[in-house]
Amino acid sequence: MKNSSWLIKTLVQFTGLVLFFALWQVLSGFYNHVIIPSPMEVVRSIIGQASSGELCEHGRQSIVRGLTGFGFALSIGTPLGLLIGLNPVAASLFRPVVVVFQVTPLISWLLLAMIWIGFSRVPVFIVFVTTLPLIVINVFQGVHSIDRQLLQMASVFKINKDRIIREIYLPQVAPYLMAGIANALGTTWKAVAMSEFLSVQTGIGASMAVARINLETADLFAWTITLIVLGMLTDRLLAYLTRRKLSHWM
Amino acid sequence: MGGLIEFEQVNKTLGQTRILDNFSFSIEENKIFCIIGPSGCGKTTILQMLAGLEQPDRGLLKGLTGKRVSYVFQEPRLLPWKTVAGNLDFILRDELPPAKKDKLIDHYLKIMGLDGYRNSYPKALSGGMKQRLAICRAFAYPHDILLLDEPFKSLDTPMRLGLVRHVIKLWQTAPRTIVFVTHDIIEALLLGHRIMVLAARPTEILEIIDLDMPHDQRHMGEELLGSLYTKLLDLLDKENKKYFPEL
């Protein structure tokens, strides 16, 4: 029973994809390939980018920039979220700042970053400022979701503060942090491409700028597909890790 | 023996509700003290004060200094990310050397029929098993005072009677102060050296019953227990007017 329903689900998903490509193929017949390239042209473009080493080189640049910015956001955002959640003074101090970070338009960050730190480091900075609030807010919500009754239990049994943080708060925050990371990584690849497009000469975003100028629409599609695959891969990986590490008790 | 834990003119308001108003009573140390009464009569608040989780607004609590408290809450309050054994380890790790701790965990899991589940997570346990694990935890934790807040509420009758016997056995192996809050008259009669019957809103003591009969002789067929049962039932029956004034 379980096997056959899985099969049906896969078949339906596959049919959806086939329909999508068929529609794309048909549409590309009506328009010039500069407007809508055919699926085959895009595949050829991807193969071309892969064999020339462009895919690898620009992809690597973007991934390194993305993960660097994200890494900074994660390593600063996690303790900051915990601090804001646990300490009312820190909450009053930092929460408005986090909200300001969250609502500041991307274009302002981009232009300011170009002035402050020079073009080459703009993508890392942009990823950092866009993902930091996502991490902080998720961790903070995790801390707030804490079960007061469990804290009361720990206080009756004289568990010290340090162990309460490690053995009650951190496990409670873990699924929230995972959700924050998934959200942040989704944003990372978009932010990195956008800021590369506007600020530097290498990376997926910059390659897209070149493709646009040369009217290589198939290349534009190819890079977009690379970004989509990157996003889907990180999303799947995180879902897998969450299942492995947290599902036994959640 | 013979020490007292005393509530003297204790006042307590939670939110808008005045729970205790100049409330006084005393608990004899190393005896089993049962509190019985309708919901909302302040039973849980009394336990929380004994555990130091709540402080009186006014009045005094005497005889608690240096006493270690263990607690069975109304809810199991288990850590979902720790296994059955891990939940016991959590509260014992700082108290006992590892070898002794592991022996104690084995011992109590066996007593409560949970030894086949030591590596399971609470998610996989039934409601009754979770509550038994919470009881394990409270028994295993070193204490002078054991507080139980309607601990057997969610369990079936054979399980309740079995657990009542376990509390008696625990007390017989090493007498300690036990404060047992319940709705159940039978549980109170089987366990208590003293039974305090409370009325709700305002909280007041309706009756205090001393029961010297040894635990081994307490069977519900016993004439004294039978007459006490009727007496307590009548007392609590009068309280129903507060719920249903028109009756």
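Scroll up a little and you will see the structure.
Since we're looking at a predicted model, the values are computed, not measured. (Residues numbered from 1 in each chain as written. Chains lettered and ligands numbered in written order. Predicted model: local features only at pLDDT ≥ 70, side-chain atom pairs only at ≥ 80, totals over all residues. Heavy atoms only, no water.)

(A) The overall build of chain A, seen in detail. From N to C terminus, chain A includes 10 helices and zero strands. Traced from its N-terminal end to its C-terminal end, chain A shows the element sequence α-α-α-α-α-α-α-α-α-α. Against the globule reference of 18 Å for 250 residues, chain A gives a C-alpha radius of gyration of 22 Å, more extended than a compact globule. Over its C-alpha atoms, taken along the principal directions, chain A stretches across nearly 75 × 60 × 30 Å. By the burial criterion, 40% of the 250 residues in chain A qualify as buried. Taking all contacts inside chain A whose residues are at least 6 apart in sequence as the whole, residues at least 24 apart take part in 73%. A total of about 14200 Å² of accessible surface is found on chain A, and carbon and sulfur atoms cover 71% of it. Positive and negative side-chain charges of chain A, numbering 18 and 10 respectively, have mean locations separated by a distance of 12 Å. (Helix = DSSP H or I, 4+ residues; strand = E, 2+ residues; numbered from the N terminus. Rg over C-alpha atoms; globule rule 2.2 N^0.38 Å. Buried < 20%, exposed > 50% of the residue type's maximum accessible area, 1.4 Å probe, protein only. Contact = heavy atoms within 4.5 Å. Areas by Shrake-Rupley, 256 points an atom, 1.4 Å probe, with all protein chains shown as cover. Lys, Arg positive; Asp, Glu negative; His and termini not counted. Charge placed at Lys NZ, Arg CZ, Asp CG, Glu CD.)

(B) Region of interest: unusual backbone geometry. Despite not being glycine, A:Lys158 has its phi angle at roughly 55°, a positive value. Mapped onto the secondary structure, A:Lys158 falls in the loop between helix 7 (148–156) and helix 8 (161–199). Given the relative accessible area of 58%, A:Lys158 is considered exposed. With phi around 45°, B:Asn22 is a residue other than glycine that occupies positive phi space. One can find B:Asn22 in strand 2 (residues 17–28).

(C) Inspection of the packing of aromatic side chains at higher detail. By the definition in use, this model includes 14 aromatic pairs over all chains. Here the aromatic rings of A:Phe157 and B:Tyr141 are separated by 4.8 Å at their centres, their planes lie at 75°, and the arrangement is edge-to-face. Within this pair, whereas A:Phe157 is found in the loop between helix 7 and helix 8, its partner B:Tyr141 is found in the loop between helix 4 (127–140) and strand 6 (145–149), the two belonging to separate chains. Residue classification places A:Phe157 among the buried residues on the basis of a relative accessible area of 0%. The buried category is assigned to B:Tyr141, whose relative accessible area is 1%. Relative to B:Phe25, the ring of B:Phe23 lies with its centre 5.6 Å away and its plane at 65°, an arrangement referred to as edge-to-face. The exposure class of B:Phe25 is buried, given its relative accessible area of 7%. (Phe/Tyr/Trp six-rings, centres within 6.5 Å; stacked < 30°, edge-to-face > 60°.)

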